[in-house]
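Close look at the chain arrangement
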Amino acid sequence: MKVLGLETSCDETGLAIFDSEQISSDNQGLVGQVLYSQIELHALYGGVVPELASRDHIRKLVPLLNELLDQCDMKKSEIDAIAYTKGPGLIGALMTGALFGRSLAYGLDIPAIGIHHMEGHLLAPLMGANPPAFPFVSLLVSGGHTLLIAARGVGQYEILGESIDDAAGECFDKAAKMLGLPYPGGPNIAKLAETGNQNAYSLPRPMLHRGLDFSFSGMKTAVHNLIKDTPHSGGSGNSAESNPQVRADIAASFQHAVVDTLVRKCVKALKQVDMSRLVIAGGVSANTHLRETLEAELAKINATVHYAPPALCTDNGAMIAYAGYERLQAGQSDDLAVSCVPRWPM
Ligand code: KG4
Ligand code: ZN
């Protein structure tokens with residue numbers, strides 16, 4: 001089955017074709033994918049402007065589909081089903097992909113299905129020949145969500161914990177901004193941290209002893225104060241000449257504090273539900289320090305960590321195509337009515 005996936009929930013237009021018959025040890029069933037990022041467009045305004053995002057998705061959807069079909073050497077008529085992101089996200093942006101996908105499916109007389117964006121992230125590490133088996137604990141860490149979930153099957157998700165304020169990715173983005181680094185902050189902080197000492201500064205590990213929920217807003221304040229009080233940090237409000245080593249040390253200490261918090265909660269969650277597999281997904285799961293720390297810490301409790309290649313961690317069309325395939329296999333599909341859900345709990 002060849003499924004076209006469409007992701008338009010925020011500022012990336014992602015399209016991909018997943019083919020269940022193409023899965024092999026070195027191929028995840030991904031026949032092709034294209035991704036257009038609107039980052040430069042929104043950079044001018046310091047954040048995503050919803051109306052501009054919708055307009056840009058509309059402008060790019062048809063040319064990107066043609067590019068994808070060329071890349072896959074396929075005709076539209078060879079697509080068997082279409083999956084689109086139904087929510088959560090920006091309503092106008094979601095509507096562009098949903099209406100485009102639903103209309104194309106109608107024209108081709110094939111099924112269409114709306115997908116929860118976070119389920120797309122959650123299932124992305126399962127694409128391929130040797131996926132981690134259910135049940136597992138999933139850590140979903142993106143720009144908008146921080147969730148710990150007990151996943152017992154496709155669609156069988158029990159939320160164990162979540163952030164009561166900022167998401168982990170949002171925290172990376174805000175700390176990056178304070179250090180004068182561009183959006184998206186996560187990869188830029190990670191790069192700067194490579195040459196830093198993670199033990200140079202002590203930052204809080206919020207809510208460590210309170211269940212499986214997270215809180216990252218206090219961390220934001222702590223980084224703000226650290227930058228303000230540290231000479232040569234080069235952050236906003238600090239006019240002193242910046243020192244690259246000081247900046248790298250701040251980035252490394254910050255990254256370590258976030259990763260340490262996430263890892264300790266993951267270990268706690270695995271023990272609580274008596275599971276031995278952890279699957280991490282969402283933009284922050286691309287973070288190398290997070291992956292390496294989890295590998296080391298989970299080995300100590302005989303548990304394993306699984307993740308997708310970095311390109312499938314951040315927003316993309318492939319994860320939507322794959323989640324669509326799983327849902328269609330379970331006998332689900334949507335009727336002709338298109339409804340998007342901007343705020344949609346998992
Ligand atoms: O999943 P995603 O692409 O979009 C949302 O659904 O939000 O996640 C984007 C988030 C951003 O906050 C970005 O800074 C973060 O993921 N991110 C990272 C890394 N790559 C992306 N955070 C830490 N380290 C990374 N390498
Ligand atoms: Zn996402």
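Residues numbered from 1 in each chain as written. Chains lettered and ligands numbered in written order. Predicted model: local features only at pLDDT ≥ 70, side-chain atom pairs only at ≥ 80, totals over all residues. Heavy atoms only, no water.

This brings us to the pattern of salt bridges. Close approach of charged atoms lets side chains of opposite charge pair. Taken as a whole and assessed by the stated rule, the structure comprises 12 salt bridges. The shortest N-O distance in the salt bridge between Arg327 and Glu119 comes to 2.9 Å. Here Arg327, found in helix H10 (residues 317–329), pairs with Glu119, found in helix H4 (residues 117–123); they are 208 residues apart in sequence, far enough to count as distant. The burial state of Arg327 is the same as that of Glu119; both residues are buried. The salt bridge involving Glu170 is made with Lys174; its shortest N-O contact spans 3.1 Å. (Salt bridge = Lys/Arg side-chain N within 4 Å of Asp/Glu carboxyl O. Helix = DSSP H or I, 4+ residues; strand = E, 2+ residues; numbered from the N terminus. Buried < 20%, exposed > 50% of the residue type's maximum accessible area, 1.4 Å probe, protein only.)

Here the focus is the site of ligand 1. Around ligand 1, a shell composed of 20 residues is seen, among which Gly143, Asp173, Gly186, Asn287 and Asp315 lie nearest. Within the side chain of His117, one N or O atom sits 3.1 Å away from an oxygen atom of ligand 1. Coverage of ligand 1 by the protein chains reaches 88% of its 550 Å² of free accessible surface. Elements with a contribution of two residues or more to the shell around ligand 1: H4, helix H5 (168–178) and helix H6 (185–193). In terms of residue class, the shell around ligand 1 is built from 6 nonpolar, 12 polar and 2 charged. (Near = heavy atom within 4 Å. Polar contact = N/O pair within 3.5 Å; in protein donor to acceptor, adjacent residues only side chain to side chain. Areas by Shrake-Rupley, 256 points an atom, 1.4 Å probe, with all protein chains shown as cover. Nonpolar A, V, L, I, M, F, W, Y, C, P; charged D, E, K, R; others polar.)

Chain-level pLDDT for the protein chain is 96 on average; 99% of the residues reach the 70-or-more range. Scoring of the predicted complex yields 0.96 for pTM and 0.99 for ipTM. (pLDDT = per-residue confidence, 0-100.)

The next thing to look at is the pairing of strand S5 (residues 112–116). Burial runs high along S5: 5 of the 5 residues are buried. By the alternation rule, side chains of S5 split into Ala112, Gly114 and His116 and Ile113 and Ile115, which are all buried. As defined by bridge partners, strand S4 (residues 81–87) adjoins S5 across 5 bridges and the pair is classed as parallel. Across the sheet, residue Thr85 finds its bridge partner in S5, namely Ile115. Assessed by its sense of winding, the connection that carries the chain from S4 through helix H3 (residues 91–108) to S5 is right-handed. (Pairing = 2+ DSSP bridges. Right-handed = clockwise from strand over helix to strand, strands pointing away.)

Looking now at the coordination of the zinc ion (ligand 2). Coordination of the zinc ion (ligand 2) by the protein involves His117 (NE2), His121 (NE2) and Asp315 (OD), with metal-donor separations of 2.0 to 2.1 Å. Coordination geometry of the zinc ion (ligand 2): the 4 donor atoms subtend angles of 96 to 138° at the metal centre, consistent with an arrangement described as irregular. Mapping the donors of the zinc ion (ligand 2) onto the primary sequence yields the spacing H-x3-H-x193-D. Highlighted residues: His117 and His121, both in helix H4, separated by 4 residues, approximately one helical turn. Each member of the pair, His117 as well as His121, is classed as buried. (Donors = N, O, S within 2.8 Å, 3.2 Å for Na, K, Ca; no water. Tetrahedral: all angles 85-135°; square planar, octahedral: opposite > 155°, others 65-115°.)

Turning next to the packing of aromatic side chains. Under the defined criterion, the tally for this structure stands at 6 aromatic pairs. For the pair Phe172 and Phe254, a centre-to-centre distance of 5.2 Å together with 80° between the ring planes defines the contact as edge-to-face. Separated by 82 residues along the polypeptide, Phe172 in helix H5 and Phe254 in helix H8 (residues 244–273) bring together distant segments of the chain. The pair Phe172 / Phe254 is uniform in exposure class, with both members buried. Ring pairing ties together the aromatic residues Phe18, Tyr322 and Tyr325, which thus form one cluster. (Phe/Tyr/Trp six-rings, centres within 6.5 Å; stacked < 30°, edge-to-face > 60°.)

Relative to the helices and strands, Asn316 is located in the loop between strand S10 (304–307) and H10. What makes Asn316 buried here is its relative accessible area of 0%. Of the polar contacts made by the side chain of Asn316, one reaches the backbone oxygen of Leu312; its length is 3.4 Å. At a separation of 2.9 Å, a polar atom in the side chain of Asn316 contacts the main-chain amide nitrogen of Ala318. Every residue in contact with Asn316, bar those within four places of it in the chain, is listed here: Glu7, Gly14, Gln33, Leu35 and Ala311. (Contact = heavy atoms within 4.5 Å.)

Following the UniProt record, the feature "binding site: Fe cation" (unreviewed entry) maps to His117, His121 and Asp315 here. Sequence-wise these annotated residues cover 199 residues; spatially they are packed, their C-alpha atoms never more than 8.8 Å apart. Residue His117 is classed as buried on the basis of its relative accessible area of 7%. Apart from residues no more than four positions distant in its own chain, His117 is found in contact with Glu7, Ser9, Thr85, Gly87, Pro88, Asp315, Met319 and Ile320. Overall, Asp315 belongs to the buried group, its relative accessible area being 17%. With near-sequence residues (within four places) excluded, Asp315 lies in contact with Glu7, Ser9, Glu12, Leu35, His117 and His121. A polar contact of 3.1 Å, which involves the side chain of Asp315, links it to the side chain of His117. (UniProt positions renumbered as here; feature names shortened; annotations may be inferred.)

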